[in-house]
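Listed below are the residues making up each chain.
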Amino acid sequence: MAHVKVLFHDNCFDGAASASLFRRFYQSKIDASATFSFAGKAHGMGNVYGEGSFDGDENVVVDFRYSADPRLTWWFDHHVSAFPTPEEEAHFKANPSPHKFFDPKARSCSKFLADVCRQTFGWDNSAYAELIHWADIIDGAQFESPKVAVELVEPALQLMTWVENNQDGKLKLRFIDELTSRKLSDIALEPYVKDALLPILERHKRSVDIIAARANIANDVMFFDVADDGLDAYNKFIPYFLHPDCRYVVGISLTPTRAKVSVGSNPWNSAKRSVNIAHICERYGGGGHPVVGAVSLPVGQLQRAREIGAEIAEELRRAAVKE
Ligand SMILES: [Mn+2]
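A.B. asks: Whenever I open this one, the overall build of the chain confuses me. Can you help?
C.D. replies: Looking only at helices and strands, the chain features 12 helices and 11 strands. The principal-axis extent of the C-alpha atoms belonging to the chain is close to 60 × 45 × 35 Å. Sorting the 323 residues of the chain into buried and exposed places 44% on the buried side. Considering only contacts within the chain whose residues lie at least 6 apart along the sequence, 67% involve residues at least 24 apart.

A.B. asks: Can you walk me through the sheet that holds strand β3 (residues 58–62) in this structure?
C.D. replies: Whether parallel or antiparallel, the strands of a sheet pair through hydrogen bonds between backbone atoms. Pairing in this open sheet of five strands is parallel, and the strands run β2-β1-β3-β4-β5 from one edge to the other. Looking along the sheet, the strands with just one partner apiece sit at the ends: β2 (35–41) and β5 (100–102). Across the sheet, the axes of successive neighbouring strands diverge by a mean angle of 15°, strand direction being ignored. Strand direction decides the pairing type here: strand β1 (residues 3–9) and β2, joined by seven bridges, are parallel. Of the residues in β2, the one forming a bridge with F8 is G40.

A.B. asks: Help me understand helix α6 (residues 155–165) in this model?
C.D. replies: Side chains three or four residues apart in an α-helix point the same way, a direct result of the helix having 3.6 residues per turn. Most of α6 sits inside the fold, with eight of its 11 residues counted as buried. Within α6 the residues assigned to the buried category are A156, L157, Q158, L159, M160, T161, W162 and V163. Tucked into the core, α6 has its buried residues touching α1 (13–29), α4 (129–139), α5 (146–151), α7 (169–179), α8 (184–189) and α9 (191–214).

A.B. asks: Would you explain the nonpolar core in this entry?
C.D. replies: Inside soluble globular proteins, nonpolar side chains tend to come together where they are buried. In terms of nonpolar packing, the biggest core is built from 88 residues, with V6, A16 and V62 touching the most fellow members. By residue number, the principal contributor to this core is α1, which donates eight residues. Residues lining this core come from more than one domain, with at least three contributed by each of domain 1 (3–135) and domain 2 (215–322). Not counting residues up to four positions away in its chain, the partners in contact with A16 are F8, V163, F175, I176 and L179.

A.B. asks: Any chance you could explain the sheet that holds strand β7 (residues 221–225) here in plain terms?
C.D. replies: The strand order β6-β7-β8-β9-β11-β10 describes an open sheet built from six strands, whose pairing is mixed. Pairing within the sheet leaves two strands with one partner each, and these edge strands are β6 (216–218) and β10 (287–288). Sheet topology places β10 next to strand β11 (residues 292–297); two bridges connect them, and they run antiparallel. Bridging across to β11, G287 finds its partner in A294. Against the sheet, helix α12 (residues 302–322) engages β6, β7, β8 (248–254), β9 (259–265) and β11, with an angle of about 175° to β8.

A.B. asks: Honestly, unusual backbone geometry in this entry has me stumped. Any pointers?
C.D. replies: Only a minority of non-glycine residues have a phi that is not negative, and only a minority of peptide bonds are not trans. Phi is positive for N11, close to 55°, though the residue is something other than glycine. Its place among the elements puts N11 in the loop between β1 and α1. The partly exposed category is assigned to N11, around which 16 C-beta atoms lie within 10 Å.

Basis of the calculations
Residues numbered from 1 in each chain as written. Predicted model: local features only at pLDDT ≥ 70, side-chain atom pairs only at ≥ 80, totals over all residues. Helix = DSSP H or I, 4+ residues; strand = E, 2+ residues; numbered from the N terminus. Buried ≥ 20, exposed ≤ 12 C-beta atoms within 10 Å, placed from the backbone. Contact = placed C-beta atoms within 7 Å. Pairing = 2+ DSSP bridges. Axes fitted to C-alpha atoms, helices over the stretch in contact; angles between N-to-C directions. Core = buried A, V, L, I, M, F, W, Y, C linked by C-beta atoms within 7 Å. Domains from an automatic or database assignment.

The values reported here are purely geometric and, on their own, carry no functional implication.
Here you go:
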């Protein structure tokens, strides 16, 4: 019996949905008897695929960066910074595989994977239409308004918030399983989600107040530093909810494992942008998408993260003035 190891973007709705969809696809079109294991991956500097990452008969990466490791057999990603080095990009181009797919224009890995597997392998994924729809809205930041994204009334948005905060490995697996076996509104009512969300939503409300207090706005760019506030995760749409007119946002935060510079552009501001945030972040060892990205540093380098954040905010302010 083949064992399929799936590595996915951790603490991300699109990552969990992609992992869940891949399993259903594989069971339905490749091997119904395969066994599966899952491991979440977080962005970081250097080689993120350590020893033991690719220990399955099939090793699959979804919604996360490429690896030239010959043991990688399936790959789906849409991150602009999917190739941390030119060598990896060259490797991908020189080694075309019928099981490795990359589209930096795709809004979500979930919809990309679902579309590719339908077109290429004849996979009927109509049973998962609700999940694919919401993963695409969430990862593509296609919410109607910042209010919808911050008030979190929709079950899918509650699940997005839960997955971004959940650190329980067993529940990650349960969640990945349920995403493609139950309705999103039913999962959102499960005690493991509902009970965990209560304090998270409380903290969410508090984080709106903290970010409001820390916001520093100039030239339509908002800069905020919550590293001293114990706010390690927050809804990335809060800045646009608070200041709908701002074009770019740079935030500094401190998690137990990293000092983080988050960079974003306002999805509800349609004026043309002259910068590519992924490229800006790449200059500092980070990455992401043209419209949102991040730079992660070790916890001990918070001061450096603050300097990088200030530099990026300055660069965005210069760009915003001209736009
Ligand atoms: Mn994604």
